[in-house]
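Letter by letter, the chains look like this.
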Amino acid sequence: MTVLRPIVRRQVDEATLTEGDWPEHWPLALRRVHLARGSKGGSDAMPGLAVLPPPTGLLDLDKAVPLLREGIKSDAHIVVTADFDCDGATACAVAVRGLRMLGARNVSYAVPDRMVHGYGLTPGLVDELADMNPDILLTVDHGIACHAGIAAAKLRGWQVIVTDHHLPGETLPIADAIVNPQRAGDAFPSKALAGVGVLFYVLLAMRAAARDAGEETGAADLTTLLDLVAVGTVADMVKLDVANRALIGAGLRRLRKGQGCVGLNALIDVSDRDATRLTTADIGYAIAPRINAAGRLEDMRLGIECLLGDDAEVCRLQAEALDAINKERRHMQQAMVDQAIALPDVIDDAICIPCVSDEDWHPGVVGLVASKLKEKLQRPVFAFAPAGEDEWRGSARSIPGFHLRDAIALVDARHPGLISRFGGHAMAAGLTLPRESLSAFIQAITTVGSEQSEALAQTDALQSDGELDAASLDIAHACALRDGGAWGQGYPEPLFDGVFAVRDWRIVGERHLKMTLERDGHRFNAMQFDGWSGETPATESHVAYRLTPDDWRGGDAVQLIVLQRQAA
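Quantities reported herein were computed from a predicted structural model and do not represent experimental measurements.

## As for the overall build of the protein chain
Consideration 1: When helices and strands are counted, the protein chain shows 18 helices and 17 strands.
Consideration 2: For 568 residues, the compact-globule formula gives about 24 Å, and the C-alpha radius of gyration of the protein chain, at 24 Å, lands near that figure.
Consideration 3: Projected onto the principal axes, the alpha-carbon positions of the protein chain cover approximately 75 × 55 × 45 Å.
Consideration 4: Looking at the protein chain as a whole, 55% of its 568 residues qualify as buried.

## Considerations on helix H9 (residues 242-256)
Consideration 1: For H9, spanning 15 residues, the distance from its first C-alpha to its last is 21 Å, which sits close to the expected 21 Å at 1.5 Å a residue.
Consideration 2: For H9, the buried fraction is high: 12 of the 15 residues fall into the buried class.
Consideration 3: Taken together, the buried positions of H9 are Ala243, Asn244, Arg245, Ala246, Leu247, Ile248, Gly249, Ala250, Gly251, Leu252, Arg254 and Leu255.
Consideration 4: Looking at the buried residues of H9, the elements they touch are helix H2 (42-45), helix H7 (195-212), helix H8 (226-235), helix H10 (262-270) and helix H11 (280-297).
Consideration 5: In the segment just after H9, Gly258 is the residue with positive phi, at about 80 degrees.

## Structural notes on the packing of helix H13 (residues 312-341) against helix H14 (residues 366-377)
Consideration 1: Orientation of H13 relative to H14, taken along the N-to-C sense of each, is 50 degrees, at an axis distance of 9 Å. On the basis of the axis angle, H13 is oblique to H14. Where H13 crosses over H14, the handedness of that crossing is right-handed. Facing Arg329, Gln333, Met336, Val337, Ala340 and Ile341 of H13, the residues of H14 in contact are Val366, Leu368, Val369, Lys372, Leu373 and Lys376.
Consideration 2: For the contact of H13 with H14, a count of residues per class yields eight nonpolar, one polar and three charged.

## Looking at the sheet that holds strand E16 (residues 540-549)
Consideration 1: Here five strands make up a closed barrel; going around it, the order is E13-E14-E15-E17-E16 and the pairing mixed. For this sheet the average axis-to-axis angle between neighbouring strands, irrespective of direction, equals 50 degrees.

## Notes on the pattern of salt bridges
Consideration 1: Summed over all chains, the structure comprises 35 salt bridges.
Consideration 2: Among the ionic pairs, Lys374 bridges to Glu375, the shortest N-O distance being 2.6 Å.
Consideration 3: When the shortest N-O distance is used, the salt bridge between Glu518 and Arg503 registers 3.1 Å. You can see Glu518 sitting in strand E14 (residues 512-519) and its partner Arg503 sitting in strand E13 (residues 496-508), a full 15 residues away along the chain.
Consideration 4: Under the relative-accessibility criterion, Glu518 is labelled buried at 18%.
Consideration 5: Relative accessible area serves as the criterion here: at 42%, Arg503 is assigned to the partly exposed category.

Thresholds applied
Residues numbered from 1 in each chain as written. Predicted model: local features only at pLDDT ≥ 70, side-chain atom pairs only at ≥ 80, totals over all residues. Heavy atoms only, no water. Helix = DSSP H or I, 4+ residues; strand = E, 2+ residues; numbered from the N terminus. Rg over C-alpha atoms; globule rule 2.2 N^0.38 Å. Buried < 20%, exposed > 50% of the residue type's maximum accessible area, 1.4 Å probe, protein only. Expected span 1.5 Å × (residues − 1). Contact = heavy atoms within 4.5 Å. Axes fitted to C-alpha atoms, helices over the stretch in contact; angles between N-to-C directions. Parallel < 35°, antiparallel > 145°, perpendicular 65-115°, else oblique. Left-handed = near helix turned anticlockwise from the far one by under 90°. Nonpolar A, V, L, I, M, F, W, Y, C, P; charged D, E, K, R; others polar. Pairing = 2+ DSSP bridges. Salt bridge = Lys/Arg side-chain N within 4 Å of Asp/Glu carboxyl O.

Structural data, given as structure tokens:
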């Protein structure tokens, strides 16, 4: 039932392949990939930290920095409150580590329990934080929509500094400072920073102030935090503009040199990844899910403790626990996806925005279910699970052209009180509904979808970098493509397409398809994850694939990772 996507080949000016500052050892295929993504040379393709814009322009830095610096000088208790995803966890670890590097002696952190508190700084969480006697609350990766929680904190006399990257609503919370590049009137040029990136910039501004004041902490080496910044940025799937690619590139270099924090090194190890060849794909598909699993099913404090730890043995045990939770999450996710696909409304083409729910689903996994269904159906999807006896908690994923947060905001404006709270971005959003409101919401979002049928009719095409001749499907090209960029959202991994003969195939693990593909007399191992549809693969197939080193076989072996195939 997976919807096949059209394949569109990217076009580049071939004349520029030998112009610019391309590294001499880069093959033309890699240069072509970067050109197709807007880079004009090696320095554009893999930018260094020198290209980072200065913090100047971020609104309220002039408020946040003095408040934090004064708090450090007065030994105020600074409590970092984090979101319960990987971006939030890494931002929390960067905040705690960074503030201590800048002289703070009294730093703690807290993170809401997904099942108990829900998202963000809520009044309930504020009540629990009272026992910690904070002087300053510093939110990371949330806060812009936490009006009630911030108001409750202010009533207790606490100072509140928000660092966030989510889209603001019509009004801002009554915090002492709000640092968020998405704010109206904010002049910071990079709007794509993840929550961890925003927090890192606050630390940069604090270090600059300490340097200007002639203080010892002005020499703090904040680059030691870039491994965490890279992981959080990749995990949150923000657009990889020049600034984000510079941050990720620097973080990857640290991790590949073995200079990552102890916890990340432990997570790399339990994920069976080679740190010296770590990629953004390894972060996105192996490291981040293990951190995220703690917040989805149990307590994100386990993930944060792993990232803050300095004892290798303790971090190893924590990483193994996170690995076990992630395995449970995968099993639960697959069962939920199978149940969702079996629902009649999901496979009905007349349903423009499928909304799926089940009384037994876990609210920490519905976002992954929505993502999987969106990929299969190429339609926006909402997935809901019970959150206590009185609410449904939902997560949504979208396709290009249909702005999720705007759509939910339109429903909220038309039907006041129908939605308890919501937030998010164009492509991903979350919301909470009163128990009795689910059917009314489905009707309302369906109405919005029918009004935007043109946007929903757009198909998210697979953007291919063209064909590679059989001789180029070798280990040299595979390694160059793997190591030659910080790939991710908005700067996607190299993807190629071509027609191959399917010489052999078998099912692996019930859902995956392992194949032997042939072209021009050359045979290649290929794997299509979740590729078994119940139908025999066509003998001649048009395949969209990624070229990767085959780490399982080692040596000069390569493997084609198939994203899509259809009869040629």
